[in-house]
Amino acid sequence: MSAVAASLRLEDLAVDPYPHLAELRSEGAAVWAPNLDMWVVTGYDDAVSVLRDPERFTNDSPKSLIQATFGRQMLSVEGEEQRRYKQACLAPFTGKASREVWQPRVDRLCVELLEAAERAAACGAVEVDLMADYAAPIALETMGIVVGLPFGDLPRVRAWCEVFARSLANFEGDAELHRTGQEAAAAMREYLAEKLDEQRSAGGAEGGTLIEVLSDTGGTLARSEALANLLIVLFGGIETTESMIGNALHYLLSEPGLLAATLDSRNEGETAFLAAVEDVMEESLRYDPAVQTLTRHATAPVRIGGAEIAAGETVQCMVGGANRDPAVFEDPERFKPGRANVRKHLAFGLGNHFCLGAQLARAETRSALRMLLERWPRVEFDRLASLPPYGHEFRKPGRLVARSGPQRKKELAVG
Ligand code: HEM
């Protein structure tokens, strides 16, 4: 057995997974990690082969933590059932809806949040935590808008999602964590059932929010199916996007010279600026993805490289390993915006389960970066007060402080 895998601990992966993933990659296509009770796949091509082969590597398993928490919905079933669920939820998440319907609203939301921080600074607040005061509310409020939930209900939704996140990162099978996850799912299901029924009795509006789309009487999902999918979509869009925005902001503000270069691109016009923002966003998805694992279960005995996987065993594709595979990405340990093949990254998965919300999450992150730079071009990162990205399953900075000490307060207040 591999020595690295034998001693692999979740805490090591949470702090800095990349050296461990690189060692595992050099040890074999799939390596057994006894502490985690799963096979770990860290190479790009091997991960792609697993993700493209749902016949042999399935999401539909009683061992699936996602299935145990949310029940049967698109992320834990395969084949026709999966396509039907995804298709029914698709309308609010297309690239067109994300750009044309939601992006302008997210732009406005970002400006409102920055204005609120400016008001706080004018009243003497000395720091702005861009995680708590910017990334988190952008992700939560955007999902509230797109799903169609009242603003006042969102703190409750957020609290449930935090419980889910802990329960889904529970690779070690802690029973208490599992139980609290189940309870939160039951409470959120009940809440969403009410919202869905209210909308159904209102007759189902045309198009628009996810609740409207799913409550349309001509819709293709039964009520229980609509609910389970609503639950996974709502959960899937909050913690993940907050983390994606947070990671992108972290690298934008902390990589030497990157903030200045991105700001300078404005001198070449709006298109160049937008392209620079896009490059930072995509490279941060490759370099430090918010979702680190893609979990599958072998349907039958199968080989990956030299490893013999038994039926039912868990195969964990490590996104961070694939995204830094030197066979695909040149100089992978460097944060290098503008790489030609950056979009090959697996941050949103691959194949049938490719992220439903990828285009919306990109629209949100684009807005978050652009609005921050347009409004606060002199923003500075307070490295000492901030925390770097952390987490073995969902990965984000705990705190991202923009410097606004006494000498900065005025600047923040005026932008
Ligand atoms: C608007 C925000 C988002 C929503 C609504 C959303 C929703 C979803 C849903 C419903 C799925 C399951 C798709 C399926 O099984 O067919 C999914 C998959 C996935 N999402 Fe997202 N997501 C969002 C943002 C993100 C972000 C920001 C990331 C990471 C950067 C992410 C990473 C993934 C990954 C890796 C998968 C594939 C999981 C797998 O194959 O096992 N998502 N997402």
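Computed from a predicted model, the values in this text were never measured in an experiment.

Quick notes on the rules
- Residues numbered from 1 in each chain as written.
- Predicted model: local features only at pLDDT ≥ 70, side-chain atom pairs only at ≥ 80, totals over all residues.
- Heavy atoms only, no water.
- Helix = DSSP H or I, 4+ residues; strand = E, 2+ residues; numbered from the N terminus.
- Buried < 20%, exposed > 50% of the residue type's maximum accessible area, 1.4 Å probe, protein only.
- Contact = heavy atoms within 4.5 Å.
- Areas by Shrake-Rupley, 256 points an atom, 1.4 Å probe, with all protein chains shown as cover.
- Lys, Arg positive; Asp, Glu negative; His and termini not counted.
- Charge placed at Lys NZ, Arg CZ, Asp CG, Glu CD.
- Pairing = 2+ DSSP bridges.
- Near = heavy atom within 4 Å.
- Polar contact = N/O pair within 3.5 Å; in protein donor to acceptor, adjacent residues only side chain to side chain.
- Nonpolar A, V, L, I, M, F, W, Y, C, P; charged D, E, K, R; others polar.
- Donors = N, O, S within 2.8 Å, 3.2 Å for Na, K, Ca; no water.
- Disulfide = S-S within 2.5 Å.
- Salt bridge = Lys/Arg side-chain N within 4 Å of Asp/Glu carboxyl O.
- Phe/Tyr/Trp six-rings, centres within 6.5 Å; stacked < 30°, edge-to-face > 60°.
- Axes fitted to C-alpha atoms, helices over the stretch in contact; angles between N-to-C directions.

(A) Local environment of the overall build of the chain. From N to C terminus, the chain includes 17 helices and 11 strands. Principal axes of the C-alpha set define a box for the chain whose edges measure 65 × 55 × 40 Å. Per-residue burial over the chain gives 56% buried out of 415 residues. Across the chain, every contact between residues at least 6 apart in sequence was considered, and the portion connecting residues at least 24 apart equals 73%. Here the chain displays about 17,100 Å² of accessible surface, and carbon together with sulfur accounts for 53% of that area. Mean positive and mean negative side-chain charge positions of the chain (45 and 60 charges, respectively) differ by 3 Å.

(B) Spotlight on the pairing of strand 8 (residues 314–318). Across the five residues of strand 8, five count as buried, placing the element largely inside the fold. Residues Thr-314, Gln-316 and Met-318 of strand 8 are buried on one face, and the alternating residues Val-315 and Cys-317, pointing to the opposite face, are buried as well. Bridging between strand 2 (residues 38–41) and strand 8 involves three bridges; their strand directions are parallel. Directly across from Val-40, in strand 8, lies its bridge partner Gln-316. Of the strand pairs in this sheet, strand 5 (residues 293–298) and strand 8 are connected by five bridges, and their pairing is antiparallel.

(C) Geometry of the environment of Val-31. With respect to the secondary-structure elements, Val-31 resides in strand 1 (residues 30–33). Linking Val-31 and Asp-129, residues 98 residues apart in sequence, is a C-alpha distance of 39 Å.

(D) Expanded view of the site of the ligand. Neighbouring the ligand are 29 residues; Gln-82, Lys-86, Arg-296, His-353 and Cys-355 lie closest to it. In the model, an oxygen atom of the ligand is placed 2.7 Å from a nitrogen or oxygen of the Gln-82 side chain. Where the shell around the ligand is concerned, the elements lending two or more residues are helix 6 (79–89), helix 12 (223–254), strand 5 and helix 16 (358–375). For the shell around the ligand, the per-class residue count stands at 17 nonpolar, nine polar and three charged.

(E) Layout of the coordination of the iron atom of the ligand. From the protein, the iron atom of the ligand takes a single donor atom, Cys-355 (SG), 2.3 Å away. Its place among the elements puts Cys-355 in the loop between helix 15 (319–323) and helix 16.

(F) Inspection of the state of the cysteines at higher detail. Under the counting rule described, the total for this entry stands at zero disulfides. Cysteine Cys-161 shares no disulfide, and the gap to the nearest cysteine sulfur, in Cys-355, comes to 14 Å.

(G) Structural context of the pattern of salt bridges. Taken as a whole and judged by the stated rule, the model has 33 salt bridges. The shortest N-O distance in the salt bridge between Glu-278 and Arg-366 comes to 2.8 Å. Here the residue Glu-278 occupies a position in helix 14 (residues 270–287), and Arg-366 occupies one in helix 16, the gap between them amounting to 88 residues. For the residue pair Glu-278 and Arg-366, the accessibility class agrees, reading buried in each case. Here Glu-282 and Arg-343 are joined by a salt bridge, their closest N and O atoms 3.5 Å apart. With Glu-282 in helix 14 and Arg-343 in the loop between helix 15 and helix 16, this residue pair connects regions lying 61 residues apart in the sequence. What makes Glu-282 buried here is its relative accessible area of 2%. Members of the salt-bridge network, linked through shared partners, are Arg-158, Glu-162, Glu-239, Glu-242 and Lys-396.

(H) Region of interest: the packing of aromatic side chains. Evaluated as defined, the whole model comprises 11 aromatic pairs. Considering the side-chain rings of Phe-70 and Phe-235, the 5.4 Å spacing of their centres and the 35° angle between planes classify their relative orientation as tilted. A residue pair is termed long-range when its members are at least 10 positions apart, and Phe-70 in helix 5 (residues 65–70) and Phe-235 in helix 12 qualify at 165 residues. Taking the relative accessible area as the measure of exposure, Phe-70 reaches 0% and is therefore buried. Classification of Phe-235 as buried rests on a relative accessible area of 5%. A ring pair is formed by Tyr-251 and Phe-335, whose centres lie 5.1 Å apart and whose planes are at 15°; its orientation type is stacked. Taken together, the residues Tyr-251 in helix 12 and Phe-335 in the loop between helix 15 and helix 16 connect sequence positions 84 residues apart. In textbook terms, an aromatic cluster arises when at least three aromatic residues are bridged by ring pairs, as seen for Phe-70, Phe-164, Phe-235 and Phe-394.

(I) Summary view of the sheet that holds strand 1. What the five strands build is an open sheet, ordered 1-2-8-5-3; its pairing is mixed. Both outer strands of the open sheet, strand 1 and strand 3 (57–58), are each paired with one neighbouring strand and no more. As paired elements, strand 1 and strand 2 share four bridges and run antiparallel to each other. Note that in strand 2 the partner of Val-31 across the bridge is Val-40. The strands touched by helix 4 (residues 44–51) within the sheet are strand 2, strand 3, strand 5 and strand 8, with strand 8 carrying the most contacts at an inclination of about 130°.

Take it as geometry only, folks, not as evidence of what the structure does.
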